[in-house]
Amino acid sequence: MPGIKDKVVVITGASSGIGEATAVMLAERGAKVVLGARGLDRLEALARRIAKAGGEVAYAQTDVRRPDEQTRLVKLACDRYGQLDVLINNAGIMPVSPLDDLRVEDWENMIDINIKGVLYGIAAALPVFRKQGFGHFVNTASTAGHKTLPNQSVYSATKFAVRAISEGLRMEAGEKLRVTIISPGFVNTNFAEGVTNPEVKTQLENARNKFALPPKAIARAIVFAIEQPSDVDVNEIIVRPTAQS
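The model shown is predicted, which means the values in this text are computed figures rather than measured ones.

1. Description of the packing of helix α3 (residues 67-81) against helix α4 (residues 104-132)
Contact geometry of α3 with α4 gives a least axis separation of 9 Å together with a crossing angle of 40 degrees. Taken together, the axis directions place α3 and α4 in an arrangement best described as oblique. The interaxial crossing formed by α3 with α4 has right-handed handedness. For the pair formed by α3 and α4, the contact residues are Pro-67, Gln-70, Thr-71, Val-74 and Cys-78 on the first element and Gly-117, Tyr-120, Gly-121, Ala-124, Ala-125 and Val-128 on the second.

2. Some points on the side chain of Thr-22
Its location among the elements puts Thr-22 in helix α1 (residues 17-28). Residue contacts for Thr-22: discarding those within four places in its chain leaves Ile-11, Ile-88, Ala-219 and Ile-222.

3. Some points on the packing of aromatic side chains
For the structure shown, the criterion picks out two aromatic pairs. Geometrically, the ring pair formed by Phe-129 and Phe-137 is edge-to-face, given 4.9 Å between the ring centres and 70 degrees between the ring planes. The class for Phe-129 is buried, based on a relative accessible area of 0%. Overall, Phe-137 belongs to the buried group, its relative accessible area being 0%. Look at Phe-186 and Phe-211: their rings are 5.5 Å apart centre to centre, the planes differ by 90 degrees, and that puts the pair in the edge-to-face class. Taken as a pair, Phe-186 in the loop between β6 (177-184) and α6 (198-211) and Phe-211 in helix α6 lie far apart in primary sequence, 25 residues in all.

4. With respect to empty space enclosed by the protein
A complete count under the given rule lists one cavity of 30 Å³ or more for this structure. Taken as a whole, the largest cavity spans an internal volume of roughly 30 Å³. For the largest cavity, the full set of lining residues is Pro-95, Val-96, Ser-97, Trp-107, Met-110, Asn-151, Gln-152, Ser-153, Val-154 and Tyr-155. Residue assignment for the lining of the largest cavity shows that the elements contributing at least two residues are α4 and α5 (153-173).

5. Quick word on the sheet that holds strand β3 (residues 56-61)
Pairing in this open sheet of seven strands is parallel, and the strands run β3-β2-β1-β4-β5-β6-β7 from one edge to the other. Looking at which strands have only one partner, the edges of the open sheet turn out to be β3 and β7 (236-239). Averaged over all adjacent pairs, the angle separating strand axes in this sheet is 15 degrees, with direction ignored. In the sheet, strand β2 (residues 32-37) pairs with β3 via six bridges, with the strands oriented parallel. Counterpart to Val-34 in the pairing with β3 is Ala-58. The strands that helix α2 (residues 40-52) touches are β2 and β3; relative to β3, the one it contacts most, it runs at about 175 degrees.

6. Side note on the layout of surface pockets
Taken as a whole, the largest pocket holds about 1200 Å³ of empty space. Those elements that provide at least two residues to the lining of the largest pocket are α1, α4 and α5. In the lining of the largest pocket, the residues fall into 16 nonpolar, 21 polar and eight charged. The wall of the second largest pocket is formed by 13 residues, among which Ala-27, Glu-28, Ala-53, Gly-54 and Gly-55 lie closest to the centre. Going through the elements one at a time, α1 and α2 are the ones with two or more residues in the lining of the second largest pocket. Among the elements that make up the lining of the second largest pocket, the one with the highest residue count is α1 (three residues).

What counts, and where the lines are drawn
- Residues numbered from 1 in each chain as written.
- Predicted model: local features only at pLDDT ≥ 70, side-chain atom pairs only at ≥ 80, totals over all residues.
- Heavy atoms only, no water.
- Axes fitted to C-alpha atoms, helices over the stretch in contact; angles between N-to-C directions.
- Helix = DSSP H or I, 4+ residues; strand = E, 2+ residues; numbered from the N terminus.
- Parallel < 35°, antiparallel > 145°, perpendicular 65-115°, else oblique.
- Left-handed = near helix turned anticlockwise from the far one by under 90°.
- Contact = heavy atoms within 4.5 Å.
- Phe/Tyr/Trp six-rings, centres within 6.5 Å; stacked < 30°, edge-to-face > 60°.
- Buried < 20%, exposed > 50% of the residue type's maximum accessible area, 1.4 Å probe, protein only.
- 1 Å grid on protein atoms, 1.4 Å probe; cavity = no way out; pocket = protein on both sides within 12 Å on 5 of 7 lines; lining within 4 Å.
- Points joined across faces, edges and corners; volume = space filled by probe spheres on them.
- Pairing = 2+ DSSP bridges.
- Nonpolar A, V, L, I, M, F, W, Y, C, P; charged D, E, K, R; others polar.

All quantities given are derived from atomic positions and should not be read as evidence of function.
Okay, structure coming up:
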């Protein structure tokens, strides 16, 4: 597919959900995908699946809370394939709960992964993009980055931050770099596994089971943004189920 074939794409949070679906879809369209995630077993299984289907793939166990590991992932892409076309900052967690629960550790983890993880990805890839004279950041935010709901205060704040960082980056990037924000609504992923409040977890699982989108729906939006000509910058895409308010 023109606009996708032979592009080198790094994806964080690649072992499941949106990251996994995006990796598979891009590889099917001829991209060279470089995958990072904390879960090594699932990462290896995904890489084998892509390679078996004829795709080009590399991977490294990556904790986005570690700037050195993000730099290593970007270096892997450059060493293996000679350049980096796209960085998809996709890793994120959603252990939402009422503020009264005082789940401070959950708050800190969301800040470290959802905000700092994106910043560390930018820090790893931006010098490469500047040196090359081209590059594309795709940052996963959320509809919670547009509207705050009860129990989602801290998670929503992290996603508002992703949108703010991304828009600032877009304005600083100049005419040679592209920046896209992807804001999914409810998606049928394992996000509820990390929710530590039982009542909120049940609510989210019920909503997910009723109307959540498949991860492929978000992957298609990401592919659409990447495949555009280099002078077209799709700045933000919001994708939500029609049943989501």
